[in-house]
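The primary structure of each chain is shown beneath.
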Number of protein chains: 2
Amino acid sequence: MNPLKISMIEDVDDIRNSVTKYISFHDEFEVQEVFSSIEDFQHHCALHPNFQADIILLDIGLPGMSGLEGISHILERLPDVDIIMLTTYEEEEVILKALCTGACSYISKKASLKQIVEAMRIVSKGGSYMSPSIAREIVNHLLGGPKQEQNSLTERQNQILKALSDGKSYRVISEELFISVETVRSHIKKLYRQLQVNNKAEAISLYLQGKIK
Amino acid sequence: MNPLKISMIEDVDDIRNSVTKYISFHDEFEVQEVFSSIEDFQHHCALHPNFQADIILLDIGLPGMSGLEGISHILERLPDVDIIMLTTYEEEEVILKALCTGACSYISKKASLKQIVEAMRIVSKGGSYMSPSIAREIVNHLLGGPKQEQNSLTERQNQILKALSDGKSYRVISEELFISVETVRSHIKKLYRQLQVNNKAEAISLYLQGKIK
DNA sequence: TGATTACTCACCCTTTAGGGTGATTGCATA
DNA sequence: TATGCAATCACCCTAAAGGGTGAGTAATCA
């Protein structure tokens, strides 16, 4: 099997050197090009249309365009490349932005060289490497964030709100719950007041964004 | 430091025995109680109001109430417990459901005992253990999922759908866009057909779940 | 050039939604 | 025991939503 082609975009010399040197000890990888900025990378791509890479190690704090902004530009040129973000920040917002934009792994620079190589192995097999603390940030995000206080509704109100989200009419809901349409309306009026909204659309938005219960 | 209190909810004897035995070799952990179902766990909690646990290993495929459903019940009793899901499935939907409901890690039963212990260590330090393949699933989810073909709407239709999601009426939308209410209606009728829905609620659900664009 | 499509608007109609007020029952709890 | 509250239902009203049909303009594309 051919060695995987690795490129790196990182402006700090020390990190560049130590990482590339360490990677070069592994036969399964081959460090190809090292760039000091996204612009540098773009310039190289313009000059070498056939340039390919399997994995790109991308620093998030670059001079000029940031690594975060760079992700989409890289994927434009190399749609199939796996991007591993290297970063000193572990802030939820930045991490999620990177992952949503197309990076597939996210490693702290505090990680050992061994961990970086481990991440490359995982990524090349179609996985995603995430350090535990970063994984936890993501779980927190999936939970909708720990801070926002949740509006809480009664069982019945929740039942009805769920049905509304499914696009059911008051009449249908009343039939499903074996109660009168008027009762359904009554519940809905109350829950609108509690959620401080005035119509279905807003209530559904809150519900689907997990801001309720 | 006191050993961490571990409980397990798992119906298969073999797995129960091998996991608890392996954990017992580690002084930092102390296997407390082992349950064979959520109902079993609830029953125990009812009898022992002071029951505590730091980490719960939870099988997803349980008789009676599933592990997935069980998460919220467990968190009701033990709001601060860390839940590690044990599973044979690696389907995106199930995984995300579990993580969104409050599980903080998700391990395949194919994982080694060593990995399970490693996960417990990470979780106890406030991290989240995720196997690479599961981490990738989550990244895919954050990306909006690669497989689901996106319903694509025109600029105008998107604009209007966004406004609908915000709870704006046809009249308000027409004023904001400087067009007639009839035109707004016309766009909405078309986009309902394209999305194969019949009302606002369903359209908004699709929109907010990112199944559009 | 002729077809397609997005965007615009109009008029017909019925159903649904939403706000207000008020009443009854039953349960829980102060 | 009284007070509160969830849940049930009723009647008043207006506004909004939704379905059908048809039609004109401008841009794009084969």
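Residues numbered from 1 in each chain as written. Chains lettered and ligands numbered in written order. Predicted model: local features only at pLDDT ≥ 70, side-chain atom pairs only at ≥ 80, totals over all residues. Heavy atoms only, no water.

*Asks:* Summarise the overall build of chain A; cite the residues concerned and give the values.
*Replies:* Counting secondary structure elements, chain A contains 10 helices and five strands. A total of 213 residues make up chain A; the buried ones form 46% of that total. Taking the intrachain contacts of chain A between residues at least 6 apart in sequence as the baseline, contacts between residues at least 24 apart amount to 63%. About 10,800 Å² of surface is accessible on chain A, with carbon and sulfur atoms providing 49% of the total. (Helix = DSSP H or I, 4+ residues; strand = E, 2+ residues; numbered from the N terminus. Buried < 20%, exposed > 50% of the residue type's maximum accessible area, 1.4 Å probe, protein only. Contact = heavy atoms within 4.5 Å. Areas by Shrake-Rupley, 256 points an atom, 1.4 Å probe, with all protein chains shown as cover.)

*Asks:* Tell me about the packing of helix α7 (residues 155-165) of chain A against helix α9 (residues 181-195) of chain A, and please be specific about residues and values.
*Replies:* Residue and element names in this part refer to chain A. Axis separation between α7 and α9 bottoms out at 10 Å; the angle between their running directions is 95°. The angle between the axes of α7 and α9 places the two elements in the roughly perpendicular class. Between α7 and α9, the residues in contact are R156, Q157, I160, L161 and L164 and V184, H187, I188, K190, L191, Y192, Q194 and L195, respectively. (Axes fitted to C-alpha atoms, helices over the stretch in contact; angles between N-to-C directions. Parallel < 35°, antiparallel > 145°, perpendicular 65-115°, else oblique.)

*Asks:* So, the nonpolar core: which residues are in play, and what are the values?
*Replies:* Counting 29 residues, the largest nonpolar core has I9, F41, I56, L58, I74 and M85 of chain B as the members making the most contacts within it. Those elements giving two or more residues to this core turn out to be α2 (38-47), β3 (55-59), α3 (67-77), β4 (82-87) and α4 (92-101) of chain B. Once residues within four sequence positions are removed from consideration, I56 of chain B is found in contact with S7, I9, F41, I74, L78, V81, D82, I83 and I84 of chain B. Grouped together as the second largest cluster of nonpolar side chains are 22 residues, L62, I74, A98 and A103 of chain A included. (Core = buried A, V, L, I, M, F, W, Y, C linked by side-chain atoms within 4.5 Å.)

*Asks:* Give me the sheet that holds β3 of chain B: which residues, what numbers.
*Replies:* Residue and element names in this part refer to chain B. Taken in spatial order, the five strands make up an open sheet running β2-β1-β3-β4-β5, and their pairing is parallel. On the outer flanks of this sheet lie β2 (29-35) and β5 (105-108), each paired with one strand and no other. Taking the axes of each pair of neighbouring strands and ignoring which way they run, one obtains an average angle of 25° across the sheet. As paired strands, strand β1 (residues 4-9) and β2 are joined by six bridges and run parallel to one another. Within the sheet, the bridge partner assigned to L4 lies in β2 and is F29. (Pairing = 2+ DSSP bridges.)

*Asks:* So what's going on with helix α2 (residues 38-47) of chain A? Residues and values would help.
*Replies:* All names here are of chain A. Regarding α2, the residues found buried are I38, F41, H44 and C45. End-on view of α2: buried residues confined to an arc of 125°, all on one side of the axis. The outward face of α2, more than 90 degrees from its buried face, is lined by the exposed residues A46 and L47. Looking at the buried positions of α2, the neighbouring elements they touch are β1 (4-9), β2 (29-35), β3 (55-59) and α3 (67-77). (Arc of directions from axis to C-beta.)

*Asks:* So what's going on with the packing of α2 of chain B against α3 of chain B? Residues and values would help.
*Replies:* In helix packing, the relevant descriptors are the interaxial angle and the interaxial distance, both defined with respect to the helix axes. All names here are of chain B. α3 packs onto α2 with a crossing angle of 15° between their chain directions and a minimal axis gap of 10 Å. It follows from the interaxial angle that α2 and α3 lie roughly parallel. When you trace α2 past α3, the crossing you get is left-handed. For the pair α2 and α3, the contacting residues are I38, F41, Q42, C45 and A46 in the first and G70, H73, I74 and R77 in the second. Considered class by class, the residues forming the contact of α2 with α3 number five nonpolar, three polar and one charged. (Left-handed = near helix turned anticlockwise from the far one by under 90°. Nonpolar A, V, L, I, M, F, W, Y, C, P; charged D, E, K, R; others polar.)

*Asks:* Quick one: what's the story with the protein's contact with DNA strand D, residue by residue and with numbers?
*Replies:* Taken together, 18 residues sit near DNA strand D, with S180 and H187 of chain A together with Y170, R185 and K189 of chain B positioned nearest. At a separation of 2.8 Å, a phosphate oxygen of DNA strand D approaches a polar side-chain atom of T154 of chain A. One of the side-chain N or O atoms of R185 of chain B is found 2.4 Å from a base oxygen in DNA strand D. With six residues, the single largest contributor to the surface near DNA strand D is α9 of chain A. (Near = heavy atom within 4 Å. Polar contact = N/O pair within 3.5 Å; in protein donor to acceptor, adjacent residues only side chain to side chain.)

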